[in-house]
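Secondary and tertiary structure notes
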Amino acid sequence: MVAFAWRGGQHASVSNNTEAGHRKVSGLTICDSPLFALPAPTKTPAMDDEPIRNLPFPGNPVIPQTFDASKVIQFQCHKGIACWNACCSNIDISLSPYDILRLKRRFNISSGEFLQRYTVPYEMEQSSIAGVKLRPVENGTACQFMAAEGCSVYQDRPTACRYYPVALLSLRRQDEYTDRASYALVEEPHCLGHQEPRSISIDAYRIEQGLEQYDELARGWRQLILKKKSSGPSIGKPSKRSLELFFMVCYDIDRFSQFVASEGFNDLYDLPAQEMKDVLCDDIALMQFGFRFLRQVLFGEMSIPLRAGSAVRRRERLAVQRARLEKDAMQRLARDDDAIDQVDD
């Protein structure tokens, strides 16, 4: 079984089908080409994953008991409570693709600009696919969006913030196609919301926090992560190119839009004209299409038709490009040799 956990402000992932799973934040610039040059996050010690039956992680405030959505909890957060803004003062908030889409729309900026200004990348597992976290204030730990009156982006706040103090656990067995949701409770010493005299079911709390849409639109992304984790070593170490594709498709939606509209993409994929129009005119449709694209590229689940002979033509074109680059390199080397000979003379 494989699990992917959102725990109100922090994301963790666990697996019991690999010999050496890691949850790690490293000094990685996950895609080091100019297209994806992002600042590296602060290094923290690596933490070995524990099997799902041994949740939580050491020191983790998640109570080691899971529930379904009918579980009734006692919790309420409101302005005037003594711990107001405490949870926003020391953040570790992972973002889903839909979180990024909502926030970049709010600021009316491109996804690339949002990533550069407000996030840092991190590895979900060692040498594996990347996640994105909110960048705290400079030289501090507080959320950039925290204001004295509360969250300045409240209507578009991320999934992890909406869930707090509930942790979402997405579970999938290897013989299952879709994930199943389970929940846990997060209790941290600073949070006084658990002492408030209000009882509410997790299902009602999710509705109150507007999580139904957020969960549904992030499902494809969670399934990709669960599938990658459940596949383990069977699909081998991901290539640099596949890591770059995952990052671009999931987090840099505007650059992915340019990629889909490119001549190279359309030479290879035979996307119907109406579907192409739909995905290029609607960020949500493009995001969902991106999840399909990654399932095809990473796992061979064919759902986007290829143009007849396109793969052959693409290989031929690449061979011509390689030959031209090799010729240019040989000519430069010959010029350098001539220059050296002239100096020696």
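Quick note: structure is the one above.
Residues numbered from 1 in each chain as written. Predicted model: local features only at pLDDT ≥ 70, side-chain atom pairs only at ≥ 80, totals over all residues. Heavy atoms only, no water.

**Quick look at the overall build of the protein**
- Looking only at helices and strands, the protein features 11 helices and 13 strands.
- Here the protein holds 345 residues, and 47% of them are scored as buried.
- Within the structure as shown, the protein displays about 17,500 Å² of accessible surface, and the carbon and sulfur contribution to it stands at 51%. (Helix = DSSP H or I, 4+ residues; strand = E, 2+ residues; numbered from the N terminus. Buried < 20%, exposed > 50% of the residue type's maximum accessible area, 1.4 Å probe, protein only. Areas by Shrake-Rupley, 256 points an atom, 1.4 Å probe, with all protein chains shown as cover.)

**Quick word on the sheet that holds strand β7 (residues 119–123)**
- Read across the open sheet, the three strands follow the order β6-β8-β7; overall the sheet is antiparallel. The sheet is open, and its two edges are formed by β6 (94–95) and β7, each paired on a single side.
- Inspection of the sheet shows β6 paired to strand β8 (residues 130–134) by two bridges, in the antiparallel sense. Following the sheet pairing, Leu-95 is matched in β8 by Val-132.
- Packed onto the sheet, helix α6 (residues 240–251) meets β6, β7 and β8 and runs at close to 45° relative to β8. (Pairing = 2+ DSSP bridges. Contact = heavy atoms within 4.5 Å. Axes fitted to C-alpha atoms, helices over the stretch in contact; angles between N-to-C directions.)

**Describing the pairing of β7**
- Across the five residues of β7, five count as buried, placing the element largely inside the fold.
- Neither face of β7 is open: one carries Thr-119, Pro-121 and Glu-123, the other Val-120 and Tyr-122, and all of them are buried.
- Pairing geometry for β7 and β8, over five bridges, is antiparallel. Note on β8: the bridge partner recorded for Tyr-122 is Gly-131.
- Here β7 folds back onto β8, and the loop between the two strands holds six residues, one of which, Ser-127, carries a positive phi near 55°.

**Notes on the nonpolar core**
- The biggest cluster of nonpolar side chains holds 69 residues, and the ones touching the most others in it are Phe-114, Trp-221, Phe-246, Tyr-251 and Phe-256.
- Broken down by element, this core gets its largest block of residues, eight residues, from α6. (Core = buried A, V, L, I, M, F, W, Y, C linked by side-chain atoms within 4.5 Å.)

**Some details on the packing of aromatic side chains**
- For the structure on display, the rule yields 18 aromatic pairs.
- With 5.9 Å between their ring centres and 40° between their planes, Phe-256 and Phe-293 make a pair best called tilted. Separated by 37 residues along the polypeptide, Phe-256 in helix α7 (residues 253–261) and Phe-293 in helix α10 (residues 283–299) bring together distant segments of the chain.
- Members of the aromatic cluster, joined through ring pairs, are Phe-256, Phe-259, Phe-265, Tyr-269, Phe-289 and Phe-293.
- Above the plane of the ring of Tyr-122 lies Lys-133, whose end atom (NZ or CZ) is 4.8 Å from the centre.
- Taking the ring centre of Phe-299 as reference, the NZ or CZ of Lys-227 above it sits at 5.4 Å. (Phe/Tyr/Trp six-rings, centres within 6.5 Å; stacked < 30°, edge-to-face > 60°. Lys NZ or Arg CZ within 6 Å of the ring centre and 35° of its normal.)

**Thoughts on the packing of helix α1 (residues 97–107) against α10**
- Remark: α1 packs on α10, axes separated minimally by 11 Å, with the N-to-C direction vectors making an angle of 155°. Our classification of the angle between α1 and α10 gives roughly antiparallel. Seen along the crossing, α1 lies across α10 with a hand that is right-handed. Contacts from Pro-97, Tyr-98, Leu-101, Lys-104 and Arg-105 of α1 reach α10 at Asp-283, Ile-284, Met-287 and Phe-291.
- Its residues placed into classes, the contact of α1 with α10 shows six nonpolar, no polar and three charged. (Parallel < 35°, antiparallel > 145°, perpendicular 65-115°, else oblique. Left-handed = near helix turned anticlockwise from the far one by under 90°. Nonpolar A, V, L, I, M, F, W, Y, C, P; charged D, E, K, R; others polar.)

**Things to note about the environment of Phe-259**
- For Phe-259, the location among the structural elements is in helix α7.
- A sequence separation of 10 residues divides Phe-259 from Val-249, and the C-alpha atoms of the two residues are 9.3 Å apart.

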